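What follows is the residue order along each chain.
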Amino acid sequence: SRHPRYKPLQADFTTLIDTRSFSLFRDHFAVDPRRLFIMGSPRMQFKIADERPMPRKQLLFICQRGVPFNLANLDYVLRNLDEFNDYDLVVRPHPSETPHQVRSYQALLSRYPRQRASIDPARPLREVMLEASVVLVAYSNVGLEAACYGIPVLVINPTRIEYPVAMDEMGIGFPVSSDVELRSALRRVSDDAQFLQQLAHSQRSYLDSNAHLLHGDPVERIVALIV
């Protein structure tokens, strides 16, 4: 039921009896679909028509501090979103970036009027991150934060430079460097449950062996990670 007295469950995993229940928990309560399992008999796995529009999914693009490739990485993402019209793109500037740098992102977004993209510099980062279906990073500590929450992370590197922290090699994220790789990864995040399970398992395995990264100040975490 959508009655306000009902709250999303806090269980790690939830079993459901039909696809209607699945849609309710996923769309209304925003439960991660990886935590939901339909266990009813085949005759119960029916689809009930629902007039509500499907919610849009969100990509969160994280800018790095003071690096020249933010614009190139953002352009890489924007030019590959044409087939993903159910995604909104949210750009998160680094807190140290100047108004001029933020305006350069706005100018780039204006070159892609067909994409639903915006810049969100002010809301609490954790709030923005928890709304994201996918987090796009180069080597930001936000990628580590997202992995802690089990959010899929794509490590974008179209210029194929050597990042200071190789988050894909750590298992935190999945690497994408070409247009084809990015589009394929976004399709798999949407449609390939096995891909998501492998990525989640890789994230958890890394964090289980580096428990010190789960506590304390997030900036100190990335410093500890580099050390």
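The structure reproduced in this document is the subject of the present report. (Residues numbered from 1 in each chain as written. Predicted model: local features only at pLDDT ≥ 70, side-chain atom pairs only at ≥ 80, totals over all residues. Heavy atoms only, no water.)

What follows deals with the packing of helix α5 (residues 141-148) against helix α8 (residues 193-208). Look at α5 against α8: their axes get within 9 Å of each other, and the N-to-C directions meet at 105 degrees. Judged by the inter-axis angle, α5 sits roughly perpendicular to α8. From α5, Leu144, Ala147 and Cys148 reach across to α8, where they touch Gln203, Arg204 and Leu207. (Axes fitted to C-alpha atoms, helices over the stretch in contact; angles between N-to-C directions. Helix = DSSP H or I, 4+ residues; strand = E, 2+ residues; numbered from the N terminus. Parallel < 35°, antiparallel > 145°, perpendicular 65-115°, else oblique. Contact = heavy atoms within 4.5 Å.)

Under the definition given, this model contains four aromatic pairs. A centroid spacing of 5.5 Å and a plane angle of 40 degrees characterise the contact between phenylalanine 69 and tyrosine 163, whose relative ring orientation is tilted. Pair noted here: phenylalanine 69 is in the loop between β3 (57-62) and α2 (70-78) and tyrosine 163 is in the loop between β7 (153-156) and α6 (167-170), with a separation of 94 residues, a long-range link. Of the two residues, phenylalanine 69 and tyrosine 163, neither departs from the other in class, the shared state being buried. Ring geometry for phenylalanine 174 and phenylalanine 195: centres 5.0 Å apart, planes at 85 degrees, overall edge-to-face. Pair noted here: phenylalanine 174 is in strand β8 (residues 174-176) and phenylalanine 195 is in helix α8, with a separation of 21 residues, a long-range link. The class for phenylalanine 195 is buried, based on a relative accessible area of 3%. (Phe/Tyr/Trp six-rings, centres within 6.5 Å; stacked < 30°, edge-to-face > 60°. Buried < 20%, exposed > 50% of the residue type's maximum accessible area, 1.4 Å probe, protein only.)

Attention now moves to unusual backbone geometry. Located in the positive-phi region is arginine 160, a residue other than glycine, with phi close to 55 degrees. As for its position among the elements, arginine 160 is in the loop between β7 and α6. The exposed category is assigned to arginine 160, whose relative accessible area is 58%.

Throughout the structure, instances matching the rule amount to 14 salt bridges. For arginine 123, the salt bridge identified is with glutamate 127, shortest N-O distance 2.9 Å. By relative accessible area, arginine 123 is classed as partly exposed at 25%. In this structure glutamate 127 comes out as partly exposed when scored by relative accessible area, which is 38%. Here aspartate 192 makes a salt bridge to arginine 188, at a shortest N to O gap of 3.5 Å. Look at aspartate 192 and you get partly exposed, because its relative accessible area is 25%. The network of salt bridges with shared partners includes Asp75, Arg79, Arg111 and Asp179. (Salt bridge = Lys/Arg side-chain N within 4 Å of Asp/Glu carboxyl O.)

Let us look at the environment of proline 93. Of note, proline 93 is situated in the loop between β4 (87-92) and α3 (99-110). Leave out the neighbours within four places in its chain, and proline 93 touches Cys63, Val102, Tyr105, Ile119, Asp120 and Pro121.

Side chains Val153 and Val155 of β7 all project onto a buried face; the interleaved residues Leu154 and Ile156 project onto the opposite face, where all are buried too. Strand direction decides the pairing type here: strand β6 (residues 134-137) and β7, joined by three bridges, are parallel. Counted as the bridge partner of valine 137 is valine 155 from β7. Between β6 and its parallel partner β7, the chain crosses via α5, and the hand of that crossover is right-handed. (Pairing = 2+ DSSP bridges. Right-handed = clockwise from strand over helix to strand, strands pointing away.)

Counting residues in hydrophobic clusters, the biggest one holds 29 residues, and the most contacted among them are Phe61, Leu74, Val77, Leu89 and Leu136. Those elements that provide at least two residues to this core are β3, α2, β4, α3, β6, β7, α7 (179-191) and α8. Setting aside chain neighbours within four positions, we find leucine 136 in contact with Leu59, Leu60, Phe61, Ile62, Val77, Leu89, Leu154 and Ile156. The next biggest cluster of nonpolar side chains, apart from the first, holds 26 residues, and it includes Val67, Phe69, Ala147 and Tyr206. (Core = buried A, V, L, I, M, F, W, Y, C linked by side-chain atoms within 4.5 Å.)

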